[in-house]
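Overview (structure and organization)
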6 protein chains.
Amino acid sequence: MADIITFGEIMLRLKPEGYLRFFQNDRMEATFGGGEANVAVSLANFGLDVEFVTKLPAHEIGTAAVRCLDYFGVGTEHIARGGQRVGIYYLETGASQRPSKVIYDRAGSAIAEATGEDFDWDDIFRGAKWFHFTGITPALSADAAEICQEACEKAKAHGLTVSCDLNFRKKLWTSEEAEKTMGRLMEYVDVCIANEEDAEQVFGIKAENTDVTGGKLDHRGYCSVAKQLIERFGLSHAAITLRTSLSASDNQWAAMISDGTQYLFSREYPVRIVDRVGGGDSFSAGLIYGLRQNMELGKALEFAVAASCLKHSIEGDFNRVSVEEVERLMEGDGSGRVQR
Amino acid sequence: MADIITFGEIMLRLKPEGYLRFFQNDRMEATFGGGEANVAVSLANFGLDVEFVTKLPAHEIGTAAVRCLDYFGVGTEHIARGGQRVGIYYLETGASQRPSKVIYDRAGSAIAEATGEDFDWDDIFRGAKWFHFTGITPALSADAAEICQEACEKAKAHGLTVSCDLNFRKKLWTSEEAEKTMGRLMEYVDVCIANEEDAEQVFGIKAENTDVTGGKLDHRGYCSVAKQLIERFGLSHAAITLRTSLSASDNQWAAMISDGTQYLFSREYPVRIVDRVGGGDSFSAGLIYGLRQNMELGKALEFAVAASCLKHSIEGDFNRVSVEEVERLMEGDGSGRVQR
Amino acid sequence: MADIITFGEIMLRLKPEGYLRFFQNDRMEATFGGGEANVAVSLANFGLDVEFVTKLPAHEIGTAAVRCLDYFGVGTEHIARGGQRVGIYYLETGASQRPSKVIYDRAGSAIAEATGEDFDWDDIFRGAKWFHFTGITPALSADAAEICQEACEKAKAHGLTVSCDLNFRKKLWTSEEAEKTMGRLMEYVDVCIANEEDAEQVFGIKAENTDVTGGKLDHRGYCSVAKQLIERFGLSHAAITLRTSLSASDNQWAAMISDGTQYLFSREYPVRIVDRVGGGDSFSAGLIYGLRQNMELGKALEFAVAASCLKHSIEGDFNRVSVEEVERLMEGDGSGRVQR
Amino acid sequence: MADIITFGEIMLRLKPEGYLRFFQNDRMEATFGGGEANVAVSLANFGLDVEFVTKLPAHEIGTAAVRCLDYFGVGTEHIARGGQRVGIYYLETGASQRPSKVIYDRAGSAIAEATGEDFDWDDIFRGAKWFHFTGITPALSADAAEICQEACEKAKAHGLTVSCDLNFRKKLWTSEEAEKTMGRLMEYVDVCIANEEDAEQVFGIKAENTDVTGGKLDHRGYCSVAKQLIERFGLSHAAITLRTSLSASDNQWAAMISDGTQYLFSREYPVRIVDRVGGGDSFSAGLIYGLRQNMELGKALEFAVAASCLKHSIEGDFNRVSVEEVERLMEGDGSGRVQR
Amino acid sequence: MADIITFGEIMLRLKPEGYLRFFQNDRMEATFGGGEANVAVSLANFGLDVEFVTKLPAHEIGTAAVRCLDYFGVGTEHIARGGQRVGIYYLETGASQRPSKVIYDRAGSAIAEATGEDFDWDDIFRGAKWFHFTGITPALSADAAEICQEACEKAKAHGLTVSCDLNFRKKLWTSEEAEKTMGRLMEYVDVCIANEEDAEQVFGIKAENTDVTGGKLDHRGYCSVAKQLIERFGLSHAAITLRTSLSASDNQWAAMISDGTQYLFSREYPVRIVDRVGGGDSFSAGLIYGLRQNMELGKALEFAVAASCLKHSIEGDFNRVSVEEVERLMEGDGSGRVQR
Amino acid sequence: MADIITFGEIMLRLKPEGYLRFFQNDRMEATFGGGEANVAVSLANFGLDVEFVTKLPAHEIGTAAVRCLDYFGVGTEHIARGGQRVGIYYLETGASQRPSKVIYDRAGSAIAEATGEDFDWDDIFRGAKWFHFTGITPALSADAAEICQEACEKAKAHGLTVSCDLNFRKKLWTSEEAEKTMGRLMEYVDVCIANEEDAEQVFGIKAENTDVTGGKLDHRGYCSVAKQLIERFGLSHAAITLRTSLSASDNQWAAMISDGTQYLFSREYPVRIVDRVGGGDSFSAGLIYGLRQNMELGKALEFAVAASCLKHSIEGDFNRVSVEEVERLMEGDGSGRVQR
């Protein structure tokens, strides 16, 4: 009986060592990750009681995925076991002008082929307070979209707050398909997290006067996007992450949030990147933590940005940081001095 | 225009380091292998002109599979490019009483979803002399079985010798399905390679009085199997590999062959195992080499057994040995003395 | 509220890669292990509900030790957090005539400096059925011995079965000290596990006519040891592991058990060793599993021996095998044939 | 019958892992590289038909060098086999103010001891369009210089375009020796590639008012160098790479080119360095590709600079990038955003 | 009979690979380091005759620590052998806003439990010219403080110059304890090295108007600190290292020195950090080298800063650079151009 | 002023990881080794005062070779520095029927090109008692042979005992050349070590009725070889190592020795091989130790055989074992039981 439930796919992540290109040598780092699992692990690291729901095969590869969640104390008791395969993504880490590259091999995964019968949402949501999913899960398959729909309905019925990271994946569906499905799901959502590309690609909501590659961010544009999201879907909050990509090695990282009344922009961090995959998920986790702990809106935003800033310095999908570490950064110590 | 053509699936092989169990740490050895590709690489290492035909996705993972064949000089020009994924197998290396374990994740691979239009067999077989496939390929999908059928027909039309390693995989199909499909394909086969389990599982042909785990091999039983195979399918040769598994670390390794007249048994090697996956394929390659070089039957058999004996000492699916190395072992030097 | 409770020390295990001697290069494998933790992990892998009790520092090294247990689903909620350090043992893996070597650096560890107040045994044992510890724990410190005493008393008060692996460690205490403390604790023990060295070193109980390095085992001697143990301490069962060390690479492995009436000897396995540390613990876990599942005595013994036979093929302290794998070996398949 | 031929030495490259100093631990990355081989691999990765000519020993180390070229589809059929050794270079990767360090161990290599009889240039150049070599090859030995001379003569006789990267190596010869030999070879060269140090060290041609360590580049100086090169040797094109070394970790990277009429300077890239060895070679390959594809001069220059900019983010001598990746950077996307 | 003697603790340094967090995988880099040992190794690398004095256990872990010093030619003949354990520190390397983290496990180490009888300072100092220790050593235990006291007395009696790096460690003692003990030891010290935090934390000596995290350094403040140190303790020299931490990845690095008359500030280096642990020790070593070689004060300062600047680019505690490399950087070449 | 001097070549040893074939992946283990250096390190590990004499380049690769000797406390002060390169040998570790393979790349090494002026033997031998070299050193070059000659003369002049391991290397010279040169050097030799192949290949001295690959050893044959060696060269002792190669993984290992009167054969050890390179050298070191410690002949022989038996379980050329470890094996404990 966890406090927070996240639902989605956890994949095997295969990455060559360091900055090597795919198959440049004969080794792969083999870890696990995926949007909603990343959020769950991050929340567990913040000390919250969180459970991740998915479906995984009964064989050893599926068990390894479950165990990597157990390791962090994420609840796994409602993970359905069955199906044929664990989805995979191949990741190559970029540097300087060379971008990171992701190749998905997730078709036919256990969760993509799951059906409504695999999950008893009444049981899952008993005693829970918050439900989180991303726009990736309903894109996996028609069944997955339906399960999301049911989960959202049940979540509301049980009185949970629902958060969703739009996370548009063009390899999984078109903007038209996304808009149709996500539009329906957004009716249940309280807190929407996005970057301005997501908002445009899924709902055609644009941030005007903004150029994400050029390094200039126009605050007004993002206020407009947040406002449109809140109004269109009756959200309590809309949050937008603001990444300025100087190169694959250096980014600026910030975010904004609105509750329809306030439009707050966070401090911006210059980030030397170790691994930026999972950066958005760590923001979602930070925000859920902040809101769940009833932080003031601005503080919740700063917590989320500081948490996800730190994620960029950590290998793997998961944000392995504590509340204490995030708070130290929020309090202004980004000096990186050795802690003895 | 290669001399020998092999056709089948090449997979990504993901193996934990050393004797670690699946996901015992966060690294995987990531190499490639698969029955017919293994045969092709081995033949290329023997100096023959050989080509491997398959279908692989156009992305970097597919390209890596092609390049690992180019590395050995195996012809890759008729590899169709397209489809979604490269098949995968997870391998855990056993030791002592703990068996090695293989988990397949090959459904939906490019070759399993290939169609007849992907391959122009007249072009592929132009100038070729030998065609080799295994019982795995037709088991991949109905389409794959059909492509095998067409390839066999064309091979005979072009006057090629056809060899087939029965290689029954119970995860891919039932004995009934196998018998039906393989029975039809065997009409085109000249040289059949099997272990006595294959012969029984596919065709119900039994070696009597033989107990493969107990370490006792009954020569008469194998003669009977070979005889039945030759007679039932009009083969020129039937060869049977004879593995006595003392443990995952120690095996006895030998083989027998018949041309319907002679029934020859090879020398038996006590093998300290480094990696036994691909052992059967290296036998096939050795036998094709021997027959293609017109060795006497007994010598061809000994070449094949010595080649595959050496394979057990080599990491990975591929048999990385030269003709000279095989011959040195055939000539009786299995002492393993350092060569300076 | 676990079914089985184990109590003791979990240490950081630092081992050079492969067969390298200490500091032969600049890497160490850094995992965790320790007698009672090993038993707990093994039982969790068998699907039982088990909890491990210890004390670990609040810092990241202590947390990593907790997480490695969470990974396997071992309960960790009664682990006291505090103290200064995680105990360490350095391990060098031997081969052929060169023995493995262990250097302990465990003085001052959190559990060695724990006090009775760190553990609420009434809470820990609520609903539990079995308590296991080894002769290492009371040897850690006077406080640790006292905590063991209290735990044993409470265990009996709560109606638990108590098992103890004698596990004499001459670096921690003398035979005299051991006899005094263990003698007192044995009053609460139902199931005693030992090798004949332990029995002699702790209690002066000798197996006559037996030479463990020479490779000859005299069954009568072991019966005598078991009988003496049972009679002296009023045990329900005494079990003795029988290791014949041919070399650091090859052992024979078996065991015997008695309930005072029957004296049963198991099948003996020839073991090609990957990692023998934790071999005894995996036997204890197998035996606890067998007895807890109400297997017949002989079957419980065979289960324990087969489980621990497999442990020798697995890297690390923990026995990463399933009930199904143990049963397959018990049923006679030690051939190590690849499982596809 | 390749379109482009490159000729020179391929060496074993031994590099400690990461930023370790020589022999700081007991591992070396063992790959292959060398100026002209690097150009060949890069061109093969761009999809061109290219062959590399050299001499390598018949043993396994020589074969490994051949295979690493086969891997990329570089033609290797005219590689002479014989001689005693594969040349070696030891590389230590610098960071911040600590420079990378190269120690050569190439004396006595097969190619340094090759003679004219090892290569049949009429056969090699049949059907070819372009010949590339660098100033390293003639510096290897008197024989190597003679072979270069013969190759150049034959290349012109067969109507090939000849390109040369001056690449002065002070460990191999003096400026005087270089000027004498290179001056003679330049008569056959159409496209000369250099940095301003090369031009000065080999031919005493100076770029005035330029300070390469201070970070200031004077465009006029480079125009003057290019002009002098073109006029002195009757070149069709002279190209100069412009590296501003801020530190071992950060460089600015650009280039200029002239055809005697136009003097074009490329965009300048700020480069976060992963591995800068082979940077110049990747520029040569980019330029040959651009010119061979008949790009406009400015576009060919930008292609070459973008290609070599990307090289700095890739481990090893070889530039593992595709035309598509180079074009994406040329089109302005150096943001390094993840490509999913 | 070495020229320079350093005295203190050498620890086992356990660090996860690259930027991994503690126990993110199952490997640790296992090397050795510690303030005074680092100084000794650096001086040996500069070609001086130096000896390190400590106490280490007689077992293999202790021997490995001795051998890592022998490797660099540091004298080890007066290292006392005995005691129970080698002290350990766990290190996690930070990046960007995430700080590096150190966890000490050094209580009960051989040197912390050493007594005066372990060292014969008359013998150790025979023929020596310089004695160096840091504020860590007397903080290890009361015995260690007493041994320091005796060593300082004997050093003065033998006419040695004594240098001390204040190096306050709040995990080992309080400011009050430090002031009491260090105040007494400073009577023997000629050259004091500190950062302004040390001076304040140990002696309450403050640098006014200075903000080390903000990136602004106020020269006057440091002059004031140096002046106070010199006057209070009658020093010949006081040197202060000046680190501006922009992040865990980027620092500015400089230093100042005074002999009571001159107040000199060095060039400041922008440092891209590979490993900053041992940075201060490498400054001490550089300064001792410069003063011992009778460089002018300003040159000695620049040597020390350049040496320690280079240290930040090198993995491990030890500064693996030569005098020639330091001088090249002092002469202005921080361009990091490849040295061939 | 060492007690024992060894003279020869130390090479860089490049070995793929584990059982990989050459360049099967992109890593090499990079350590150092060579006959006489191996003997020196082994003797230092036994606690003797030993020095190794050679010539090595002044660059970092040469320095690394020196430091790996300093690490073990082997004296290096008479190592001449200069020349171009460090000799290399590539090693591939065999298994089962696949032999280990060595490829030498040692031509042109500093020691092969050394001259008499590089070594001042009067200085080197001052105070020394024993000189050891092998048949490899004089085979390196004519100069090297002359230096050996001079060293031998001086050794006798200084009253040293001289030992020589015949160590015939057919890649370096012919039997004719070897006989001529070695015959001359043997005049100075007191203790000759060989296997029966060496004796035959260098001096035509045969062991009759012996088949080293077949596993049968005829004691009388070896007595005859020893006798002939002693008589022909006036030796004090001749020792012959007796290796029965069952496979690359399993050998039998023993030796015999004679002083012209006694003919003693050692215990024979069944060896599970980790790394057999350096096995002969570790025997030489063991024998020198035994004789130098004035052990009885039989005990010296057993010490040498036990020491070299252990070497086969250790990675790398060097025998990293202590006198205590050898003695424990001599005393009969080859059981490989864990030492805690």
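Residues numbered from 1 in each chain as written. Chains lettered and ligands numbered in written order. Predicted model: local features only at pLDDT ≥ 70, side-chain atom pairs only at ≥ 80, totals over all residues. Heavy atoms only, no water.

**Comments concerning the overall build of chain A**
To keep things clear, this is the line we draw: Per the convention used, a helix needs a DSSP run of H or I reaching at least four residues, while a strand needs a run of E reaching at least two, with both numbered from the N terminus. C-alpha atoms define the radius of gyration, and 2.2 Å times the number of residues to the power 0.38 defines the globule rule. The classification of residues rests on relative accessible area computed with a 1.4 Å probe and restricted to protein chains. Under 20% of the type maximum is buried, over 50% is exposed, and intermediate values are partly exposed. Here, residues are in contact when the closest pair of their heavy atoms is within 4.5 Å. In this charge count, Lys and Arg are treated as positive and Asp and Glu as negative; neither His nor the chain ends contribute. For charged residues, the charge sits on one atom: NZ in Lys, CZ in Arg, CG in Asp, CD in Glu.
Of the regular secondary structure elements, chain A holds 10 helices and 15 strands. The C-alpha radius of gyration of chain A comes to 19 Å, within 12% of the 20 Å expected for a compact globule of 340 residues. Expressed as a percentage of the 340 residues in chain A, the buried residues total 69%. Look at the contacts in chain A between residues 6 or more apart in sequence, and 68% of them connect residues 24 or more apart. Averaging the positions of the 36 positive and the 51 negative side-chain charges in chain A gives two centres separated by 5 Å.

**Let's talk about the relation of the copies chain F and chain A**
Quick reminder of the rule: C-alpha atoms of residues with pLDDT of at least 70 in both copies form the basis for the least-squares superposition of the copies.
Between chain F and chain A, which share one sequence, the superposing operator has a rotation angle of 180° and an axial displacement of 0.0 Å; the RMSD is 0.0 Å. Both copies of the chain, as the preceding transformation shows, are related through a two-fold rotation axis. For chain F, the smallest separation between a C-alpha atom and the rotation axis is recorded for F:Asn25, amounting to 3.3 Å. Comparing contact sets, 100% of the residues at the interface of chain F also lie at the interface in chain A, consistent with an isologous, same-surface contact.

**A word on unusual backbone geometry**
Residue and element names in this part refer to chain E. Unusually for a residue other than glycine, Asn167 sits at a positive phi of about 40°. Relative to the helices and strands, Asn167 resides in the loop between β10 (161-165) and α5 (175-185). Of note, Asn294 is a non-glycine position whose phi angle comes to about 60°, a positive value.

**Quick word on the pattern of salt bridges**
Put simply, the rule reads: Any Lys or Arg side-chain nitrogen located within 4 Å of an Asp or Glu carboxyl oxygen qualifies as a salt bridge.
This model, assessed by the stated rule, comprises 145 salt bridges over all chains. When the shortest N-O distance is used, the salt bridge between B:Glu92 and B:Arg98 registers 3.8 Å. The pair B:Glu92 / B:Arg98 is uniform in exposure class, with both members buried. Here D:Lys101 makes a salt bridge to E:Glu325, at a shortest N to O gap of 2.8 Å. With D:Lys101 in strand β8 (residues 101-105) and E:Glu325 in helix α10 (residues 323-330), this pair bridges two chains. Overlapping salt bridges bring together A:Asp26, A:Arg27, B:Glu17, B:Glu29, D:Asp26, D:Arg27, F:Glu17 and F:Glu29 as one network.

**Some thoughts on the interface of chain A and chain D**
To keep things clear, this is the line we draw: Note on terms: buried area is the combined drop in 1.4 Å-probe accessible area of two parts once they are placed together, counting the loss on both. Polar contacts, as counted here, are pairs of nitrogen or oxygen atoms within 3.5 Å of one another; within protein the pair requires one atom able to donate a hydrogen and one able to accept it, and residues that are adjacent in sequence qualify only if both atoms are side-chain atoms.
If you look at the interface, chain A gives 29 residues, while chain D gives 22 residues. When the area that chain A buries against chain D is broken down by residue, the three leading residues are A:Arg21, A:Gln24 and A:Gln97, summing to 26%. At the surface where chain A touches chain D, the tally comes to 4 salt bridges. One salt bridge connects D:Arg337 with A:Glu197, and the closest N-O pair in it is separated by 3.9 Å. The interface formed by chain A and chain D holds 14 residue pairs in polar contact (both at pLDDT 80 or more) in total. Listed by contribution, the elements that provide at least two residues to the side of chain A that touches chain D are β8 (101-105) and β12 (237-245) of chain A. Looking at the side of chain A that touches chain D, the element that brings in the most residues is β8(A), giving 3 residues.

**Here we look at the pairing of strand β7 (residues 88-92) of chain B**
Residues and elements named next belong to chain B. Under the convention used in this document: The criterion for strand pairing is that DSSP finds at least two bridges linking the strands in question.
Of all the 5 residues making up β7, 5 are buried; the element is thus mostly covered by neighbouring parts of the structure. What you see with β7 is no split at all: Ile88, Tyr90 and Glu92 on one side and Tyr89 and Leu91 on the other are buried throughout. Bridging between strand β2 (residues 11-15) and β7 involves 3 bridges; their strand directions are parallel. The partner of Leu12 across the bridge, within β7, is Ile88. Bridge analysis of β7 against strand β8 (residues 101-105) gives 5 bridges, and the strand direction is antiparallel. Its bridge partner being in β8, Leu91 is matched across the sheet by Val102.

**Re the environment of A:Leu310**
Tracing the chain through its elements places A:Leu310 in helix α9 (residues 297-311). Exposure remark for A:Leu310: the relative accessible area of 4% places this residue in the buried category. Setting aside residues up to four positions removed in sequence, A:Leu310 forms contacts with A:Asn319, A:Val321, A:Glu325, A:Val326, A:Leu329, E:Gln97 and E:Arg98.

**Brief notes about the sheet that holds strand β8 (residues 101-105) of chain F**
Within a beta sheet, neighbouring strands are joined by backbone hydrogen bonds and run either parallel or antiparallel to one another. The cut-off we apply is this: Where helices are involved, their axes are fitted lines through C-alpha atoms of the stretch in contact, as for all axes, and angles between N-to-C directions lie from 0 to 180°.
Strand order in the open sheet formed by 8 strands is β8(D)-β7(D)-β2(D)-β3(D)-β3(F)-β2(F)-β7(F)-β8(F), with mixed pairing between adjacent strands. Two strands bound the open sheet, and with one partner strand each, they are β8 of chain D together with β8 of chain F. Between one strand and the next, the sheet's axes are offset by a mean angle of 30°, whatever the strand orientation. Taken strand by strand, helix α2 (residues 60-70) of chain D contacts β3 (27-33) of chain D together with β7 (88-92) and β8 of chain F, and its axis lies near 60° from that of β3(D).

**A short note on helix α4 (residues 142-157) of chain D**
All names here are of chain D. Rules: Under the convention used throughout, the expected extent of a helix is 1.5 Å for every residue step, that is, one less than its residue count.
Its 16 residues give α4 an end-to-end C-alpha distance of 23 Å, which sits within 8% of 22 Å, the value for a rise of 1.5 Å per residue. Where α4 is concerned, the buried positions are Ala144, Ala145, Ile147, Cys148, Gln149, Ala151, Cys152 and Ala155. Along its buried surface, α4 packs onto β1 (4-7), α3 (121-125), β9 (130-134), β10 (161-165) and α5 (175-185).

**Looking at the interface of chain F and chain A**
A common way to report how large an interface is uses the accessible area buried once the components associate. Stated precisely, the cut-off is as follows: Ten residues, namely Ala, Val, Leu, Ile, Met, Phe, Trp, Tyr, Cys and Pro, are considered nonpolar, four, namely Asp, Glu, Lys and Arg, are considered charged, and the remaining ones, Gly among them, are considered polar.
Listed by partner, the interface residues are 4 residues for chain F and 4 residues for chain A. Together chain F and chain A conceal approximately 270 Å² of surface at their shared face, both sides included; 27% is due to carbon and sulfur atoms. Sorting the residues of chain F by area buried against chain A places F:Asn25, F:Asp26 and F:Arg27 first, and these three jointly supply 81% of that buried surface. Counting across the chain F and chain A interface gives 1 salt bridge. Between A:Arg27 and F:Glu17 there is a salt bridge, and its shortest N-O distance comes to 4.0 Å. Inspection of the chain F/chain A interface yields 0 residue pairs in polar contact (both at pLDDT 80 or more). The residue makeup of the side of chain F that touches chain A, split by class, is no nonpolar, 1 polar and 3 charged.

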